[in-house]
Amino acid sequence: MAADFSTSVQLGLNLSKRIYYGKNAAESSPPRPVLAERETDPVESYLPTAVMVYAEITEPSMVDNPYIPSYQPYVHGRCDPPALIPLHMHGVTMELDCYLDTAFVTVSGAWLVHCVSASESCDCRIAVPMGEEGSVLGVEVETPFKSYCTQFISLEDTKDAENFANAKDGFLIKGQTYTLKIPRVDGGSILSLKISWSQKLLHQDGQYCLNVPFTFPSYVLPVGKKVSGKEKILLNVNSGTGTEVLCKSSSHPLKEIRRLAGEVGFSYEREVLTWSMSDFNFSYTVSSSDICGGVLLRSPSLHDNDQREMFCFYLYPGNSIHKKIFKKEVVFLVDRSASMQGGPLENAKTALLAALSKLSPLDTFNIITFNGSSSIFSSSMELATKEAIDNAYEWININFVAEGGTNISTPLDQAIRLVSKTGAVLPIIFLVTDGTVEDEKNICHSMKSHLMKEGLTSPRIGTFGIGSYCNHYFLKMLAEIGRGYYDAAFDIDSINLRMERFIDNASSVILSDITIDALEHLDSLELYSLHLPDLRSGSPLYVSGRYCGNFPDSVRVSGTLADLSNLVINAIVQKAKDVPIDKVFARRQIDALTAHAWLSGSKQLEEKAAKMSIHSAVCSEYTNMILIETDKRKQQSKSNTAEEKTGDSKGQKIIVLRNIGTGFGNLEATAKNLPPEKAEPNLYETSTMLFKTASNVGRRVADRCCCMCFLQFCNRLNDQCAIALTQLCTALACFGCLKVCCEVCDLCSCDQC
């Protein structure tokens, strides 16, 4: 789908060459981009790198300047799928609020439909690339005659389940770019957009790092004599702990406008002739050099479905580079079923080789690769000597061949038997898979029973999912049972980076077997984790929950250090000042409830997750996002498609959007060994192409012949030749002669046919 999106944008930019901006516009405007040829241009080079709005063009003839008609020759044909012309942006504001390890981002801007004739209208597609683990919270759109806003509703409350199941729009590209379309926006009008999402802050070298896509291509610059626009950034950082916030780096020239205890505010605002040409990056520190922690308390809002008090326990690893990491024994379980063929397995192999190279000589390791059966590197754990790692490299190159089905239970049991139970080292099992298996619940119950018997010496289980066909809630549940961590890569190209980072973080444990004495004395305690996970050197530890009763003024936190000595910390309890704990942890709590609901089959937990999703405006498996259209003129819309249903008499209509949850895996796709990239939805529904004759009467030509290749081919001809070729194709199609059309497709040398 990413390649389709990029190709549609490329075609849209070619179509936009038809637009006439006036006699002196070209000389006075900033230089426009030079489009590279298809053969030398990366396939996905036109994917959005900041919030963008595009005009969806199905009729090339509508492409024109709404203010200065160019009177260009009529274009015969339809764009199927539609071309995407990036709209000119006339102002942008980004507001960022950072709390603990989460950032809330709101981008507002105005886009001009500069490429559609004033007498025409088109759909406008919004594309929003988000940062680390981004989650869309809400969209608001204003056009001259209509307004739109999103809302989450429970699937249990809808009376039209089929309508929701068949929704086509509102989905993620490569797992990180959310896109949806706004119907029928008039040419020459302004579209105002406000979109919000949340994303995680990475923690690197003792610093919190925020990265937000904010790189605007030059083709969104308005055309005219020195047309300037306002670019504005507002940043607020609240540590929540009262600890001083120290800014380390910033990609944009921020000015400090406010500083309080544990809180700081920045701003950036200027009139610009070119929009931001780099992503927004900001890093800061909030903790000391030693391990420290605390507890934040907050009361629920009046509208919260759960009126118990909220708490958040945090533990910082400190900034010292001398922290001792546990000696460990590591077993890598890597899926090599046929669906891992190509990019997934090669990227996983590269990440695994990097992880092996970083092992300490005192660590031990083993590797199990599995499909329907399993192969093991060594019958026992091997010391991570240079010779052993070299042998492992050779073994990996021989045995990492994608074939067969998927069986997780057998290799996981095998890995459990391999690791020691002495407590002198930290045993870790990493499971990497792209598939779903039928016995996942049995695996969870079996591991839960086994690990409870082993107690504190039980191995940690880290899980890493690839693509959307694996059951991510199974992987989350298994990691929670094993006191480990979970991560995933939905973009094949990101597997190497994310998997290597995941293994590095999960392997760098500095404090294990953590306990908090105050929790056992609280009433109606609900902790959104079965166990307290270990503290890693590269990431703070956060645990949230609900309770009734009185929290003490301080709590005693204890754990085991890498030298096996005991560490005790007195953590201060304080009220969370201006920190929305419920929103910060909403997604994690919803995911935890969903994983437990999947394992137990509890309808009560499903309803609880749905209510939390609606209250916090965070997506879940049990809710759907809808787009509410309001006609400002109080007139009923005449459009009523299969994806829309008429609202009330106030001129409102509901457009159903897709559920963008990760889902519970796909057994059928796993059985068929479908590659992960097949899970992405199509950008547009495929359909045949209609070419129009000069008299504007269309006939079906051929399923294989699409408008994209036809228009690109016609760009190389003059108008008379294009019209003649269109008429010839139509005439031949009437006689069932489709060969000529296929030859036209071959001439364009694109990959759309």
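Provided above is the structure to which this section pertains.
The sections below set out a description of the structure shown in this document. The shown structure was predicted, so the numbers you read here are calculated from the model rather than taken from an experiment.

How each quantity is defined
- Residues numbered from 1 in each chain as written.
- Predicted model: local features only at pLDDT ≥ 70, side-chain atom pairs only at ≥ 80, totals over all residues.
- Heavy atoms only, no water.
- Pairing = 2+ DSSP bridges.
- Helix = DSSP H or I, 4+ residues; strand = E, 2+ residues; numbered from the N terminus.
- Axes fitted to C-alpha atoms, helices over the stretch in contact; angles between N-to-C directions.
- Contact = heavy atoms within 4.5 Å.
- Left-handed = near helix turned anticlockwise from the far one by under 90°.
- Nonpolar A, V, L, I, M, F, W, Y, C, P; charged D, E, K, R; others polar.
- Core = buried A, V, L, I, M, F, W, Y, C linked by side-chain atoms within 4.5 Å.
- Buried < 20%, exposed > 50% of the residue type's maximum accessible area, 1.4 Å probe, protein only.
- Salt bridge = Lys/Arg side-chain N within 4 Å of Asp/Glu carboxyl O.
- Polar contact = N/O pair within 3.5 Å; in protein donor to acceptor, adjacent residues only side chain to side chain.
- Phe/Tyr/Trp six-rings, centres within 6.5 Å; stacked < 30°, edge-to-face > 60°.
- Lys NZ or Arg CZ within 6 Å of the ring centre and 35° of its normal.
- Expected span 1.5 Å × (residues − 1).
- Arc of directions from axis to C-beta.
- Patch = residues over 30% accessible without salt bridge, like charges linked within 9 Å, V, L, I, M, F, W, Y side chains within 5 Å.
- Areas by Shrake-Rupley, 256 points an atom, 1.4 Å probe, with all protein chains shown as cover.

Let's talk about the sheet that holds strand β2 (residues 83-86)
Argument step 1. If you walk across this open sheet you meet the 5 strands as β2-β1-β5-β9-β8, and the pairing is antiparallel. For this open sheet the edge positions go to β2 and β8 (171-173), each flanked by a neighbour on one side alone. The sheet shows a mean angle of 40 degrees between the axes of neighbouring strands, taken without regard to direction.
Argument step 2. Of the strands in this sheet, β1 (52-57), β2, β5 (121-129) and β8 are in contact with helix α1 (residues 2-15), which crosses β2 at around 65 degrees.

Things to note about the packing of helix α4 (residues 343-357) against helix α9 (residues 495-507)
Argument step 1. Relative orientation of the contacting elements α4 and α9 amounts to 35 degrees, with a least axis distance of 8 Å. Remark: the crossing between α4 and α9 carries right-handed chirality. Contacts between α4 and α9 involve Pro344, Asn347, Ala348, Thr350, Ala351, Leu352, Ala354 and Ala355 from the former and Ile495, Asn496, Met499, Glu500 and Ile503 from the latter.
Argument step 2. Residues belonging to the contact of α4 with α9 are distributed by class as follows: 9 nonpolar, 3 polar and 1 charged.

Focus: the sheet that holds strand β30 (residues 541-548)
Argument step 1. With mixed pairing, the 8 strands of this open sheet are ordered in space as β28-β30-β19-β18-β32-β31-β27-β29. Of all the strands in the sheet, just β28 (523-527) and β29 (535-536) have a single pairing partner and so form its edges.
Argument step 2. Pairing of strand β27 (residues 509-516) with β29, which is carried by 2 bridges, proceeds in the antiparallel orientation. Along β29, the bridge assignment pairs leucine 511 with leucine 535.

Points about unusual backbone geometry
Argument step 1. Residue aspartate 80 is joined to proline 81 through a cis peptide bond whose omega torsion reads 10 degrees.
Argument step 2. Checked against the element boundaries, proline 81 lands in the loop between β1 and β2.
Argument step 3. In this structure, asparagine 673 is a non-glycine residue whose phi angle is positive, near 55 degrees.

Observations regarding the nonpolar core
Argument step 1. Leu193, Leu235 and Phe280 are the most contacted members of the largest nonpolar core, which totals 114 residues.
Argument step 2. Those residues within four positions of leucine 235 in sequence are excluded, and the remaining contacts are Leu96, Cys98, Leu210, Leu254, Val264, Gly265, Phe266, Phe280 and Phe282.
Argument step 3. Residues Phe311, Phe326, Leu522 and Val557 belong to the second largest nonpolar core, which totals 62 residues.

Description of the pattern of salt bridges
Argument step 1. For the structure on display, the rule yields 35 salt bridges.
Argument step 2. Put simply, aspartate 390 and lysine 386 hold a salt bridge, and the shortest N to O gap is 3.0 Å. Of this pair, aspartate 390 and lysine 386 both sit in helix α5 (residues 386-399), 4 residues apart, roughly one helical turn.
Argument step 3. Here lysine 386 falls in the exposed class, since its relative accessible area comes to 66%.
Argument step 4. Overlapping salt bridges, with partners in common, bring together Glu132, Asp487, Arg498 and Arg501 in one network.

Notes on the pairing of strand β25 (residues 460-466)
Argument step 1. With 7 of 7 residues buried, β25 is to be regarded as a mostly interior element.
Argument step 2. Because side chains alternate across β25, one face comprises the buried residues Arg460, Gly462, Phe464 and Ile466, and the other comprises Ile461, Thr463 and Gly465, equally buried.
Argument step 3. In this structure, strand β24 (residues 426-433) lies alongside β25, joined through 6 bridges in parallel fashion. By the bridge assignment for β25, leucine 431 is matched with threonine 463.
Argument step 4. Sheet analysis places β25 next to strand β26 (residues 486-489), joined by 4 bridges and oriented parallel.

Remarks on the pairing of strand β12 (residues 207-212)
Argument step 1. Judged from the 3 bridges that link them, strand β11 (residues 202-204) and β12 form a sheet pairing that is antiparallel. Paired with histidine 203 across the bridge in β12 is tyrosine 208.
Argument step 2. Taken together, β11 and the strand that follows it, β12, pair antiparallel across an intervening segment of 2 residues, in which aspartate 205 is found at a positive phi of about 55 degrees.
Argument step 3. Inspection of the sheet shows β12 paired to strand β17 (residues 280-285) by 5 bridges, in the antiparallel sense. Paired with cysteine 209 across the strands is serine 283, a residue of β17.

With respect to the side chain of threonine 463
Argument step 1. Among the secondary structure elements, threonine 463 is positioned in strand β25.
Argument step 2. A distance of 2.8 Å separates the side chain of threonine 463 from the backbone oxygen of leucine 475, its partner in a polar contact.

Some details on the packing of aromatic side chains
Centre distance and the angle of the planes are the two values used to describe a pair of aromatic rings.
Argument step 1. Here the structure, examined in full by the defined rule, presents 20 aromatic pairs.
Argument step 2. Considering the side-chain rings of phenylalanine 377 and tryptophan 395, the 5.9 Å spacing of their centres and the 70 degrees angle between planes classify their relative orientation as edge-to-face. Separated by 18 residues along the polypeptide, phenylalanine 377 in the loop between β22 (374-376) and β23 (382-383) and tryptophan 395 in helix α5 bring together distant segments of the chain.
Argument step 3. Taking the relative accessible area as the measure of exposure, phenylalanine 377 reaches 17% and is therefore buried.
Argument step 4. Sitting over the ring of tyrosine 485, arginine 536 keeps its end group 3.6 Å from the ring centre.
Argument step 5. Between the NZ or CZ atom of arginine 633 and the centre of the ring of phenylalanine 145, over which it lies, the distance is 4.4 Å.

Structural notes on α9
Argument step 1. End to end, α9 covers 18 Å across 13 residues, agreeing with the expected 18 Å (1.5 Å per residue, within 8%).
Argument step 2. If you check which residues of α9 are buried, you get Ile495, Arg498, Met499, Phe502, Ile503, Ala506 and Ser507. Burial along α9 is one-sided: seen end-on, the buried residues are contained in an arc of 150 degrees.

Digging into the environment of aspartate 487
Argument step 1. With respect to the element layout, aspartate 487 can be found in strand β26.
Argument step 2. Note: C-alpha distance between aspartate 487 and arginine 498 (11 residues apart in sequence) is 7.9 Å.
Argument step 3. In this view, aspartate 487 contacts Thr463, Phe464, Gly465, Arg498, Arg501 and Phe502; residues no more than four positions away in its chain are not counted.
Argument step 4. Within the structure, the side chain of aspartate 487 is placed 3.0 Å from the side chain of arginine 498, a separation counted as a polar contact.

Re a nonpolar patch on the surface
Argument step 1. A cluster of nonpolar side chains, contributed by Tyr20, Tyr67 and Ile68, occupies part of the molecular surface with about 310 Å² of accessible area.
Argument step 2. Assessed through its relative accessible area of 54%, tyrosine 67 is described here as exposed.

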